[in-house]
Amino acid sequence: AFSSGTKGRQRGHVVVLPAETAQVEAMKGKLKGAWVLASAPADLNRSATRGERAPIFKILEDAGALGAVFKGAKMPWRLSSIRVTSWDQIPKMPEITLLDMQYDEIAAAAAGGQKVELEFEIRNYFKMGPVKYYNVIAWLPGTQSQDPAVILSGHLDSVTFSPGATDDLSGSTPATQALRLLAKAG
């Protein structure tokens, strides 16, 4: 979430980002059209609460890099992302987080001198709100007693750090199934 899209399918060579910003400046020519592997050196860390982008992203963007590829945590997977706090801070360059095993394999091949190319197509767009959303509220009074009340609930949205199948289809799916069964039973 909060990564820019790729504007279609983008294929490019892999460059492993050095730890120091000065080294990145020296290799600008290799960054054009590259997917940059970044194992999250200090220069790339961002504040998730303030939504600030690290200065290194400007260098990568100006050099023409296709995007940054990050190493994710081991399973169970925890994504890293930021919140975008204003339209001025919307990322212009894709930021991709891979499974640690995938990242390590690609980094080892690139470090071993192999020519490695990556191809991504990310269809991600930012849209100025407000965004309309809808809730469904149903009240089914009991036939024999109004007490005790039974409440089933779930929400149909998701959040940045959570896959929608668990946050919250795990709540809305059983609620929907229960309503379907109640309707079928009359």
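Residues numbered from 1 in each chain as written. Predicted model: local features only at pLDDT ≥ 70, side-chain atom pairs only at ≥ 80, totals over all residues. Heavy atoms only, no water.

1. Remarks on a nonpolar patch on the surface
Step number 1: A contiguous nonpolar surface patch, about 280 Å² in accessible area, is contributed by L140, L179 and L182.
Step number 2: The residue L140 is located in the loop between β5 (117–120) and α5 (169–185) in this model.
Step number 3: The class of L140 is exposed, set by a relative accessible area of 55%. (Patch = residues over 30% accessible without salt bridge, like charges linked within 9 Å, V, L, I, M, F, W, Y side chains within 5 Å. Areas by Shrake-Rupley, 256 points an atom, 1.4 Å probe, with all protein chains shown as cover. Salt bridge = Lys/Arg side-chain N within 4 Å of Asp/Glu carboxyl O. Helix = DSSP H or I, 4+ residues; strand = E, 2+ residues; numbered from the N terminus. Buried < 20%, exposed > 50% of the residue type's maximum accessible area, 1.4 Å probe, protein only.)

2. A closer look at the sheet that holds β5
Step number 1: In spatial order, the strands read β4-β3-β2-β1-β5; together these five strands make up an open sheet with mixed pairing. Two strands close off the open sheet at either side, each with one partner strand: β4 (95–98) and β5. Put simply, the sheet's adjacent strands are angled 35 degrees from each other on average, direction ignored.
Step number 2: Packed onto the sheet, helix α4 (residues 100–111) meets β1 (10–16), β2 (34–38), β3 (67–71), β4 and β5 and runs at close to 115 degrees relative to β3. (Pairing = 2+ DSSP bridges. Axes fitted to C-alpha atoms, helices over the stretch in contact; angles between N-to-C directions. Contact = heavy atoms within 4.5 Å.)

3. Some thoughts on the environment of F2
Step number 1: Topologically, F2 is positioned in the segment before β1.
Step number 2: Considering only alpha carbons, one finds F2 and E95, 93 residues apart in sequence, at a separation of 8.6 Å.

4. Here we look at the nonpolar core
Step number 1: One finds V24, L31, F57 and L60 to be the most contacted residues of the largest nonpolar core, which totals 18 residues.
Step number 2: In terms of residue count, helix α3 (residues 55–63) provides more of this core than any other element does, five residues in total.
Step number 3: Those residues within four positions of L60 in sequence are excluded, and the remaining contacts are L17, V24, L31, V36, A65 and M93.
Step number 4: Counting residues in hydrophobic clusters, the runner-up holds 14 residues, among them L37, Y103, I106 and A109. (Core = buried A, V, L, I, M, F, W, Y, C linked by side-chain atoms within 4.5 Å.)

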